[in-house]
Amino acid sequence: MTKQVTLTIDGQQVAVSEGTLIVNAAKQIGIDIPVFCYHPKMEPVGMCRQCLVEVGRPVVDRATGQVVMEDGKPKIQFGAKLETACTTPVSDGMVVLTASEKAKANQREILEFLLTSHPLDCPVCDKGGECPLQNLTLAHGAPASRFIYDEKQHADKRVPLGDLIWLDRERCIQCARCIRFQDEIAGESVLAFYQRGRATDIITNSEPGFDSIFSGNTTDICPVGALTTADFRFGARPWEMKAAASICSQCPVGCNVTLNTRREAKSGGKVVLKRVMPRQNEAVNEIWICDKGRFAHHFTENEHRLATPLARKDGKLALVSWDKALGLVAGKLADAKGEAVVLASGRLSNEDLFNLKQLADGLGGEALLYTQMGGGELTTAYGVPAGTNFAEMGIGTTILVVASDLYNEAPIWYLRLKQAAERGATLILANARETKLEKYSQFVVRYSYGDEAETICGLAKKAHVGEAITSAENLVVLYGSDGLGLDGSSALAAACAELVKSRAGKPNNGLIGVWPRANDQGAWELGFKPVADLKAVFQKANVVYIAGADPFGDNPELTSRIPHHASRIPQHASRSTHPAPFIIVQELFLTETAKLADVILPAQAVTEREGSFTSGERRAQRFYPAVPARGQSRADFVITAQIAAEFGLELEGRFAARVMDKMAATVKTFAGISYRELAETTEQWPIVGRGDLYYGGTTYENKQGLGVILALSPSPTGRGARGEGKPLRPDEDHWLAVPVTRLYDLGITVATSALLKARTGGAHILLHPDSAQKLGLAAGEQVELNGNRLEVRLDPTVPVMVALVPRSMGVPIAGPMVAKIKAA
Amino acid sequence: MTEHLLLCHRDIPNLHKLAVYQQHGGFEAFKKAVTKMQPGEVTDAVKASGLRGRGGAGFPAGVKWSFIPNNIWPHYVVANADESEPGTFKDREIMESNPFQFLEGVAIAAYAVQANVAYVYLRGEFWPVAAELDKRIEEMEKAGFLGDKLFGTDYSLRIHTHLGAGAYICGEETALLESMEGSRGQPRIRPPFPAVYGLYGKPTVVNNVETLTNLPLIIAKGAGWYKSLGTADSAGVKIFSLSGRVKKPGNYELPFGTTFRELICNCGGGIIDDRPIKAIMPAGASSAFIVADDKALDTPMDYASVRALGADLGSASVIVIDDTVSIDWVINKTLHFFKHESCGKCTPCREGCYWMLHLIERIEHGEKTKESVELLRSVAKQMQNKCLCPLGEFSTMAVTTAIERFPKDFGLED
Amino acid sequence: MLAEKYPEEVKKILEKYPPEQKRSAVMPLLYLAQRDGGYITKEAMKDIAAMLEIAPTEVASIIGFYTLFLDEEAGKYRMQVCTDLPCALRGADKFLEELCGNLGVKVGETTSDGLVTVEAVMCLAGCDKAPMFQMQSSEGLEYHENQTVESAMGLIEEIRRKEQFSQQG
Ligand SMILES: Cc1cc2nc3c(=O)[nH]c(=O)nc-3n(C[C@H](O)[C@H](O)[C@H](O)COP(=O)(O)O)c2cc1C
Ligand code: SF4
Ligand code: FES
C-alpha cells in the first residue's frame, strides 16, 4: 500500500495516497478546482493556470527538523505565489485554500484572459451547455468585457482537420489536451501546435489529416467547442438530447457508451440517434471509444431497414402479418424437428442466443454459430476471471498477443495493452506480420502463416520469451484469427490454452478471444457450436433459421452450391434429390441471404431494445433502448419466443430481464447473474461526467452498470492443439491468401456511415512491394483472385508471396487458401 | 597581468588561437582540476568563490552543481549561449574573441559534475559563431583537451554545439532543454529543476557563458582571490553590456559594485549630445525602470543594491534612456518584443502580452486617457504571479514601473 | 533525401546526440534542409520525420515555433534589421524607414527583382553597433553592424552584381 498523506483543503481534512495531486485530492472530497489543461488521464502540464490555489506548508525548524508549533497548531507558511493544483503533489500537513479571495481572484482573472480571445458564439456552439468555459464564466466571470472587440484576434472557424474532426481556431484555448491525448494515449502524434504566442494553433500534417482511429475522443476532452465531429457538428444542443446507456456492438471489447437521441422536426418528428458518446467503465474502455464505435451508428436510421415481415409468394417476397409469418415459420420448424438448424452470429445478444438455443434444443435440432474463429469452449474454461483489469497490469504481468492485429480488431484493447506495456508489463506479440502494437512490445515472435499453433506450442521452451511467459506473475493470452480460419484458430486456441491452464481462475490470468463480433463469446457460453461446412448444412437441413448472419452475402459461392430458389418449389418433394431447405431469416436489412429466404422476420437494432452482450473478457453487460423500433420490427429474443409459442414451447418473450433469469438458472457460467447485478456501479476514478464536465471531458458517468465477468466453466471439450493436415504454404506460383480484419470494412455499419466509408475504399488486397513487383503491378492496379477483381495496396509488413485479403470487403475468404493471383 | 579577466582578448591579440591561449596559461586550470582535484573539490572551490550565475537569476553556481544527484546517470552540462535579452551582447563577444577560456570553463564544469558530454546551445543567429566554435572544439580535441582519457586519467569529455532558431524563450533553461531535445522550446514546470531532471530527463547543469568563463580563473587563482573581487554579496567581475543613448556603448568588464555613474559617464562617455539622463533599464527589456536621479547613479551595481532601487541587475544589460525619449514609446518597444516572444504555453502571458501590446498602441496613438493607462497597468498586474515561467512576469516589469515612476509620460499627473 | 545528398553532414549531426535521442537532431537537419532548398519543403519535412522516427506533424510544429525556419519561399536574401529597443534608441527605426524608401518596399516586402526581403526583427545581440542587420541566405547568416543607409545600399548593390554575374556565368 502506498503511504497515506493527510492534508486540509478548504478546512476539510483528507487522507490520500502519496503523490496525489492537489486537484485530485480535492476532487475526492467533492471540491472542484477549475481546470482546463489538466486531465486526469494525462500527464499534468500546468499551462492554463486556471487551477492556481493558495498552498501552505508546515514550517520546519532547520536545526531540529521538527515542525514549528504556534498556538498548539503547526505553523503554516503560505508561498508568495499561488501554485498550480494540477502539478503540485500533496504533502503531509499541507493546507490548501481553493476559495480564498486570492484563489478566486486568480480564477476570475485567468478566465478573463481566456475570454479575451474567445469568440462569443455560445449560442451556436456545439459545446454550449456542456462547456466549462461557459459554465465558469456564468459562475465567476465579469459582467462586461474590458477588452476592445475590434482588437480581438479573429481566426478561421471552419477548419477540417481531416474528414472526421473540425477545428474552430477561434474557440481553441491552447490547452493542448487534444495534442497530448494523441501523443500520450493514442500514441499517434498527428496533432501539434504551430506558431507560438497568441498565434499558436492546432495543425495536422498527417495524410489523411488527423489520421487516427481515436480522433473522436479529442472532441470529448476538448474543454471548449474548438473540436467537433463532422458527424455531430451543429446536430443538436446537448440539453435537448436524451441519453441511453448502451454497449458498442462493433467489436469484442464491449465499450460502454451512451446514445444521445432527440426528437426532431428535421427527421419528421421522429426520435433519432444523434451521437455515440463514451460512458465510463475503467475496467473496459476507461473513458474512450474508437472512431468506428462513435461514427458507425447510422445503420439504425438507414432507410433500407426491414420494417415488416415478408414471406415468399409465387417466388417473390411479399408483405405478411406477424401472425401469418410466425405461424408459417413455426409450422415449418415443428415439422422439421431434428432437421431444423439454427444459424446465428455473435451480433445477437445473450438473450437472443439463449432463446434460439432453447428453440433448437426443443426441436432436437442444432444451434450453430456463424463464425470463422474457434476456441470459445476454451475461453469459457480458461478465460480471465472476475477481478481482472488491464488497468492493473504492469510490472510482473506478461501479455501475449497471437495472430491478432488489435489496432484493427479491438482498438481499445490496443490502447490498454499499450498502456500496460508503458507501465512495465511484458508485451509479447506473435504474428506472421508486423502489427502496430509491436512498437510497444518487448518481444516479437515471427512465424509463417500456418505455423501459429506449432509456434505457440514451442513458445514456453524458447529462451527469454519462454521465461517471460512461464515466470510471469500474471499471464494473459489474447489470440485472434489474423490469417486463420476456423480450424487454424481452434488449434491455436488449444495451444494458447496450454499456456494459461495452470493459472485458471486467478485474476489477471487467462485466455481472451479477439472475436470478430461483439457477442461471439456469449454464443459459446450458451452452447452454440461453430459450423465448419456451411454447404453441408444447407444440403442436409430441412429448415434453416438464420439470425444476424449473412452467409450468402459473405460467400456468394455458397449460392451456387444450393439449388436455386425458384427450382425449390414445391419443397420436400423427395429426400433423395436434396431439396433446398426452407430458409427463415431474422435481420435488419435485406441481405443477400435474406433475398433467398422464404420468410424474413424484421429484427430490432441494438439501439432499439434491451439486452446484454458478453465481451471478449467474458464480461456480461447490459444495453438499453435508445430509439423507437423501426416499423414492426421486434427484438430477436421476442420473435424466437413467439415462434416457439406457436408450437407449444414456452420461452420468455416479454422481458429481457427474465430471459437472463432463465439463463442464470440453466447456464452454468451465468449462474446467479441478474439484470439488477449487471446494473450495479461503484465509485470510479477519475470522476467524470458530473457538473464539472471539464475535468474528464464529456464522457458520461456510468450509472447503468459496470457488468459482471462470468464464472468459468471447468470442463472444456476442445479440439487438439494441432490443426488438421499440413499448413498451407505458398510456392513459386502459388500464393497464400489469408484473411485479415480491418477496422473500417465494408460491413453494413461502416457502409451506412458515409464519413467512415471514405476511409475504407473498395475491395483490395495487400501485398509486399516485392510481391507486387513480381506480378508487375504497382499500387492501385487491379489483380484477379479467384475471379474477383481487387485493387492492390502495398504493405512492406506482408510476407512475400502472401496476399492479405481483408474480411468483409467483398471477397469471400473463410480461411487461408492457396490461390492463383494474376494481374487483371 | 592583464587588465581584463574575461575580455582579456582586448589585451592579448589573437587569443582565439589555441597556441596563444596556451601561452597565457590556457587549459592549465582544466588540467589541474582533472589531475589534481576531486570533482567535489572543484564544486567546493566554486562555491567558496561566491560565483553567481551571470545569466540573470544570479544563483550561486557551486550550489547549483551540488544539487546534481549521484544516483542518476549520465549527467550533462549545457552552456546557455542563447543571449537574446534586448541589450545583452556580452556572451557573443566572449565566444567570438575569447572562445577557449569559455570552453575551458565548460570543461571544468563538466568535470565537476562528471559529465562526459556537454552542449553549447547558441541562439540561431549565432550561426557563424557556432561554426567558429566547432573549429575551436576540434582543435581542442586534436590537442588532447577533449576526448577520451584526458591527461592520462579515466575522464573523457566531448563538447557539441547546438543551434536554436530564433526564440528568446529558449534562453529560459527548461525551454532550452526542450529545444535541445527536438521539441518546441516551451518551458517545463519547475520543480523538478534541471539539476535533477534536465536534458533527456537526466541531471543537468545549465550555466551562462559568462558564468562558465569565470571558472578557469577560479581554479587557477583560487576561490579566495576571486571572492576578494567585487562586493560581499556579488563576488568577482561582471561584464556590463551598455547600450542606448550613450556615446560609447559596448561591453565593459568591471568589478561588481561599480556605480551606474561610473559605467555610464566614464566608460560610456556620457549621454549623446550631453542630454540629461532620464531612466536606466539595468537588465534589458525585462527590467524595471530606474529613475536616473543622483541617488540611482551613485548606486553600486551589485545584486542587493540594485534590488534596493526596485529593479534587478539581471544579466547587467544596461539600457540608458535620455530625456529625448518618451517612456510610453519604450514600453511599446518592449511589449512588441514580448508579444513576439511569448511562447504561448500559458494563458496569462499568451493573452496578456497580446492585450498589453494593443493597449500601448492605443495609448501611443493618442488615447493617453487615464482609463487606457489604468487598464494597461491592471492587465500587467493581473499577469503577475500567474505565469508558468519568468518571461510573462518580465513582460510586466517595465510596464508597471514605467507607469508608476514616469506617470507624466503617460499623460497622468504625478 | 538529405541523408543521400549530404551524408557527411547528416552523419556529423546525428553523432552529436545519444542514439536513442536522435529527435534532438531535428533543428540541425532543418537548417540543412533550408540551406538546400532555400526553405523547408513538405518533402523535406517528411524526410526528416522518417529519419528521426517522429511524425511529420511534429516536424511542422517545430518549424512553426522558431522564426528562423521558413516553410515557404521568400526573397533569396533576407535582410533583417534589428529595431528592438536598444537599436531603436540609436536610430534603427529611421534607418529601416530610409532603407525601405530607397529600395521602394515596405517592411516585410521583397524588392522588385525578387532578391531581397526586408524585415524588422527583435534584438540580435548587436545593440552597441546599431544600426545593424543580419543577412540571411542559403549560404548562412551574416551580421552587418554600424550601418548607414549608404553602406547597406552598397551591400545590396554588391549582391545584385554577384547574382547577375552568377546568372550570366
Ligand atoms: C525568458 C528568459 C530568458 C533567458 N535568457 C537567457 C539567456 O539568453 N542566457 C542565459 O544565460 N540565461 C538566460 N536565462 C536564465 C536561464 O534560465 C538560467 O537561469 C541561466 O542560464 C542559468 O545560468 P547561470 O546560473 O549561469 O546564470 C533566461 C531566463 C528567462 C526566464
Ligand atoms: S510565461 Fe510566457 S513564455 Fe513563459 S510559459 Fe508562459 S507563455 Fe510561455
Ligand atoms: S494549469 Fe492546472 S489545470 Fe491548467
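Residues numbered from 1 in each chain as written. Chains lettered and ligands numbered in written order. Predicted model: local features only at pLDDT ≥ 70, side-chain atom pairs only at ≥ 80, totals over all residues. Heavy atoms only, no water.

Things to note about the overall build of chain B
When its secondary structure is counted, chain B shows 18 helices and 9 strands. Seen along its three principal axes, the alpha-carbon backbone of chain B occupies a region of about 70 × 45 × 35 Å. Going through the 414 residues of chain B one by one, you find that 67% of them count as buried. By sequence separation, contacts in chain B at least 24 residues apart represent 70% of the contacts at least 6 residues apart. Accessible area of chain B: about 13,700 Å², with a carbon and sulfur share of 52%. In chain B, the 44 positive side-chain charges and the 50 negative ones have mean positions that sit 2 Å from each other. (Helix = DSSP H or I, 4+ residues; strand = E, 2+ residues; numbered from the N terminus. Buried < 20%, exposed > 50% of the residue type's maximum accessible area, 1.4 Å probe, protein only. Contact = heavy atoms within 4.5 Å. Areas by Shrake-Rupley, 256 points an atom, 1.4 Å probe, with all protein chains shown as cover. Lys, Arg positive; Asp, Glu negative; His and termini not counted. Charge placed at Lys NZ, Arg CZ, Asp CG, Glu CD.)

Focus on the site of ligand 1
Residue and element names in this part refer to chain B. The full set close to ligand 1 counts 19 residues, and G55, N80, N207, N208 and T211 are the nearest of them. In this structure, E83 approaches ligand 1 through a main-chain N or O atom, which is 3.1 Å from an oxygen atom. A distance of 3.0 Å separates an oxygen atom of ligand 1 from a polar atom in the backbone of E173. Starting from 600 Å² of accessible surface for ligand 1 in isolation, the protein chains cover 92%. In the shell around ligand 1, the residues fall into 5 nonpolar, 8 polar and 6 charged. A domain split of the shell around ligand 1 shows at least three residues from each of domain 1 (8–227) and domain 3 (327–410). (Near = heavy atom within 4 Å. Polar contact = N/O pair within 3.5 Å; in protein donor to acceptor, adjacent residues only side chain to side chain. Nonpolar A, V, L, I, M, F, W, Y, C, P; charged D, E, K, R; others polar. Domains from an automatic or database assignment.)

Regarding the domain arrangement of chain B
One frequent convention defines the size of an interface as the accessible area lost when the parts assemble. Residue and element names in this part refer to chain B. Partitioning chain B into domains gives domain 1 (8–227), domain 2 (237–322) and domain 3 (327–410). Placing the centre of domain 1 and that of domain 3 at their C-alpha centroids yields a distance of 34 Å. Tallying the contact residues gives 12 residues for domain 1 and 11 residues for domain 3. For domain 1, the biggest contributors to the area lost against domain 3 are Y168, Q186 and P187; these three give 53% of the whole. The interface formed by domain 1 and domain 3 holds 0 salt bridges in total. Here domain 1 is connected to domain 3 by 3 residue pairs in polar contact (both at pLDDT 80 or more). For the side of domain 1 that touches domain 3, a count of residues per class yields 6 nonpolar, 3 polar and 3 charged. (Buried area = accessible area lost by both parts, 1.4 Å probe. Salt bridge = Lys/Arg side-chain N within 4 Å of Asp/Glu carboxyl O.)

Points about the interface of chain A and chain B
Counting residues at the interface gives 31 residues for chain A and 30 residues for chain B. Taking both sides of the interface into account, the surface hidden between chain A and chain B amounts to around 2,800 Å²; carbon and sulfur atoms contribute 53%. If you sort the residues of chain A by the area they bury against chain B, A:F113, A:R146 and A:R196 come out on top, with a joint share of 28%. In this assembly, chain A and chain B are joined by 3 salt bridges. With a closest N to O distance of 2.4 Å, B:K386 and A:E109 form a salt bridge. Of all the elements in the fold, those that place two or more residues in the side of chain A that touches chain B are α2 (101–116) and β11 (192–194) of chain A. Considering every element that reaches the side of chain A that touches chain B, the biggest residue donor is α2(A), with 7 residues. Taken together, the residues that form the side of chain A that touches chain B break down as 12 nonpolar, 10 polar and 9 charged.

A few points about the interface of chain C and chain B
Listed per partner, the contact involves 40 residues of chain C and 60 residues of chain B. Between chain C and chain B lies a buried interface of about 3,800 Å² when both sides are counted; carbon and sulfur atoms form 60% of it. On the chain C side of the interface with chain B, the three residues burying the most area are C:F65, C:L85 and C:L89, jointly 19% of the side's total. Taken together, the links from chain C to chain B amount to 2 salt bridges. C:D93 is paired through a salt bridge with B:K333; the nearest N and O atoms lie 3.1 Å apart. Counting across the chain C and chain B interface gives 22 residue pairs in polar contact (both at pLDDT 80 or more). Elements that contribute at least two residues to the side of chain C that touches chain B include exactly α2 (7–15), α3 (26–37), α5 (56–65), α6 (85–88) and β4 (140–144) of chain C. Ranked by residues supplied to the side of chain C that touches chain B, first place goes to α3(C) with 4 residues. Split by residue class, the side of chain C that touches chain B holds 22 nonpolar, 8 polar and 10 charged.

With respect to the site of ligand 2
Close to ligand 2 lie 13 residues, the nearest being B:C343, B:C346, B:C349, B:C389 and B:G392. Residues of the shell around ligand 2, tallied by class, amount to 9 nonpolar, 3 polar and 1 charged.

Some remarks on the sheet that holds strand β21 (residues 397–402) of chain A
Residues and elements named next belong to chain A. The 5 strands lie next to each other as β23-β22-β21-β24-β25, forming an open sheet whose pairing is parallel. With partners counted over all chains shown, the strands left at the sheet margins are β23 (443–446) and β25 (510–513), one partner each. The mean angle between the axes of side-by-side strands here comes to 15°, regardless of whether they run parallel or antiparallel. Judged from the 4 bridges that link them, strand β22 (residues 426–431) and β23 form a sheet pairing that is parallel. The residue of β23 that forms the bridge with I428 is F443. (Pairing = 2+ DSSP bridges. Axes fitted to C-alpha atoms, helices over the stretch in contact; angles between N-to-C directions.)

Quick word on the confidence of the model for chain B
On average, residues of chain B score 97 in pLDDT, and 99% of them reach the 70 mark or higher. The complex model carries a pTM of 0.95, and its ipTM stands at 0.95. (pLDDT = per-residue confidence, 0-100.)

Brief notes about the sheet that holds strand β10 (residues 165–167) of chain A
All names here are of chain A. On the basis of which strands lie adjacent, the open sheet formed by 3 strands has the order β9-β10-β13 and antiparallel pairing. Of all the strands in the sheet, the pair left with one neighbour each is β9 (159–160) and β13 (227–229). By the bridge criterion, 3 bridges tie β10 to β13 in an arrangement that is antiparallel. Within β13, the position partnered with L167 by the bridge is L227.

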